[in-house]
Amino acid sequence: MTIGKCFLLETKRYVKSLPHIVINAIALLFLCGAIAFCAIRYFGDSTTPVQASIGLYSEDSGDSSYAMRIAENYRATDTYFQFSVYESCSGMLEDLEAGVIMAGMYFPSGSVESILNGENYHVSIYMGNQTGLSALLLQELSAAGASILSSAQASTYTLTDLYLSHNFMDPLESAYARLDAINLRYALSSDQLFCTNRLSVSGSVSVPMFYITAAWILYLGLSGLCFSTYLDPYPDSFIRSQRAATMRRLHFCRFLHVLLTYILLNIPAYAVTALFLPGFSVTQSFPGDLIWFTLLAAGFFSLFVFLLYGLLRGNSYAPVLYFFLILLFAILAGFIIPSVFLGQSFRQIMGINPFHILQNTLIQILHKGGAV
């Protein structure tokens, strides 16, 4: 049987399976689009961030008001935390137990002076049982504050040793004042100490960009289920009646039909992406890059589908196994569970995950086309 006759025979089989492929592909497109839309709405930036309540209590009323003024004007906390002063430590701990506040800070008597004279009274921080981003942010801010305070104290002790070793007793007090002013300025203006990187559950990529590209890859992967009918094996009697060369031509033509279908499946995915991810400014190289990605993705998924169904030879468990493999790839790529919540070992595996590689390639191409 010539290659032309083999292609015609496979085309007839393909046309019979085409309604099943088209209907399932449309259903998967809507399903993956709905998942991406819900993920964007859930993880997207909110215009009104939730503020957590923090209680302050000091045995010295002066220290309490001083700490309150610093807390209210601290740029790193004014967006996400609200501070309130308590008259008693027991009242603060009761509200902490009841969940009214997320954390409480207890300042012992003379704690502010102790920082300056080196006695270093400990400020107790009581954490509630709440979980979430605010609790994690408070823990990180507490650790960062302790680190900044340790650095400030180390600079004070170093200055003292340096002045005393040269018998500069008289200018020591004025040196303390200048050093305290410098330390306080850096402590209250954290942007002068740290470089800010805007991150989210999607990493450094915008949330819409991440989940739309993830839905694109997941849609292509799940589309392999549409070929379960078309990739049924040939009858044994037909295989025995044909030569080995003819069977190779038939398998090659069948693979071509799957490959061409995957190329066409990228078109509605691109249309949906352009609709929900505005900002394209098509450059001269953008269409060529997108065609190259389409061929790359179509080649990978068509080969994966063809080999898996071919190895299982039409076994009824083939679609189930294929679905779980796609689901596993999606989870390890951070599509379903964000990568920030995965362990370090899983994030290392992500580098060789084909879904992760395809998504990063697509993100770079869309960025080149002006998408944000």
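So, how was this worked out
- Residues numbered from 1 in each chain as written.
- Predicted model: local features only at pLDDT ≥ 70, side-chain atom pairs only at ≥ 80, totals over all residues.
- Heavy atoms only, no water.
- Core = buried A, V, L, I, M, F, W, Y, C linked by side-chain atoms within 4.5 Å.
- Buried < 20%, exposed > 50% of the residue type's maximum accessible area, 1.4 Å probe, protein only.
- Helix = DSSP H or I, 4+ residues; strand = E, 2+ residues; numbered from the N terminus.
- Contact = heavy atoms within 4.5 Å.
- Pairing = 2+ DSSP bridges.
- Axes fitted to C-alpha atoms, helices over the stretch in contact; angles between N-to-C directions.
- Phe/Tyr/Trp six-rings, centres within 6.5 Å; stacked < 30°, edge-to-face > 60°.

Caption draft 1: Structural detail: the nonpolar core. Core analysis: the largest hydrophobic core is formed by 52 residues, its most contacted members being Tyr262 and Phe301. When residues of this core are traced back to their parent elements, those giving at least two are helix H1 (3-43), helix H7 (207-222), helix H9 (244-276), helix H10 (286-312), helix H11 (318-332) and helix H13 (354-368). In terms of residue count, H7 provides more of this core than any other element does, 13 residues in total. In contact with phenylalanine 301, not counting residues within four places along its chain, are Ile217, Leu220, Gly221, Tyr262, Tyr322, Phe355 and Leu358.

Caption draft 2: A look at the environment of tyrosine 14. Mapped onto the elements, tyrosine 14 comes out in helix H1. As a C-alpha pair, tyrosine 14 and arginine 254 span 240 residues in sequence and 8.3 Å in three-dimensional space. With residues up to four places along the chain from it excluded, the contact list for tyrosine 14 reads Ile21, Tyr230, His257 and Thr261.

Caption draft 3: How the structure looks around the sheet that holds strand E2 (residues 81-85). Taken together, the four strands give an open sheet; going across it, the order is E2-E1-E3-E4, and neighbouring strands pair in mixed fashion. Strand pairing shows two members of the sheet lacking a second neighbour, E2 and strand E4 (124-127), which therefore form its edges. Averaged over all pairs of adjacent strands, the angle between their axes in this sheet comes to 20 degrees, without regard to strand direction. Pairing between strand E1 (residues 52-58) and E2: five bridges, direction parallel. Paired with serine 53 across the bridge in E2 is glutamine 82. Together, E1, strand E3 (103-107) and E4 form the strand contacts of helix H3 (residues 89-98), whose direction differs from that of E3 by roughly 165 degrees.

Caption draft 4: Quick peek at the pairing of E1. Judged by how many residues are buried, E1 sits mostly within the fold: six of seven residues are covered. Pairing geometry for E1 and E3, over five bridges, is parallel. Bridged to leucine 56 within E3 is methionine 105.

Caption draft 5: Representation of the packing of aromatic side chains. Under the defined criterion, the tally for this structure stands at 15 aromatic pairs. Geometrically, the ring pair formed by tyrosine 262 and phenylalanine 301 is stacked, given 5.8 Å between the ring centres and 20 degrees between the ring planes. Separated by 39 residues along the polypeptide, tyrosine 262 in helix H9 and phenylalanine 301 in helix H10 bring together distant segments of the chain. Note on phenylalanine 323 and phenylalanine 324: the rings are 5.7 Å apart at their centroids and 75 degrees apart in plane angle, and the pair reads as edge-to-face.

Caption draft 6: View of unusual backbone geometry. With phi around 60 degrees, asparagine 167 is a residue other than glycine that occupies positive phi space. Tracing the backbone through its elements, the reader meets asparagine 167 in the loop between helix H5 (133-165) and helix H6 (172-188). Residue asparagine 167 is classed as exposed on the basis of its relative accessible area, which comes to 65%.

Caption draft 7: Just the environment of aspartate 232, in detail. As for its position among the elements, aspartate 232 is in the loop between H7 and helix H8 (236-241). Note on aspartate 232: relative accessible area 34%, which makes it partly exposed. With 84 residues separating them in the primary sequence, aspartate 232 and serine 316 have C-alpha atoms 9.9 Å apart. Dropping the residues within four chain positions of it, aspartate 232 is found in contact with Arg13 and Arg254.

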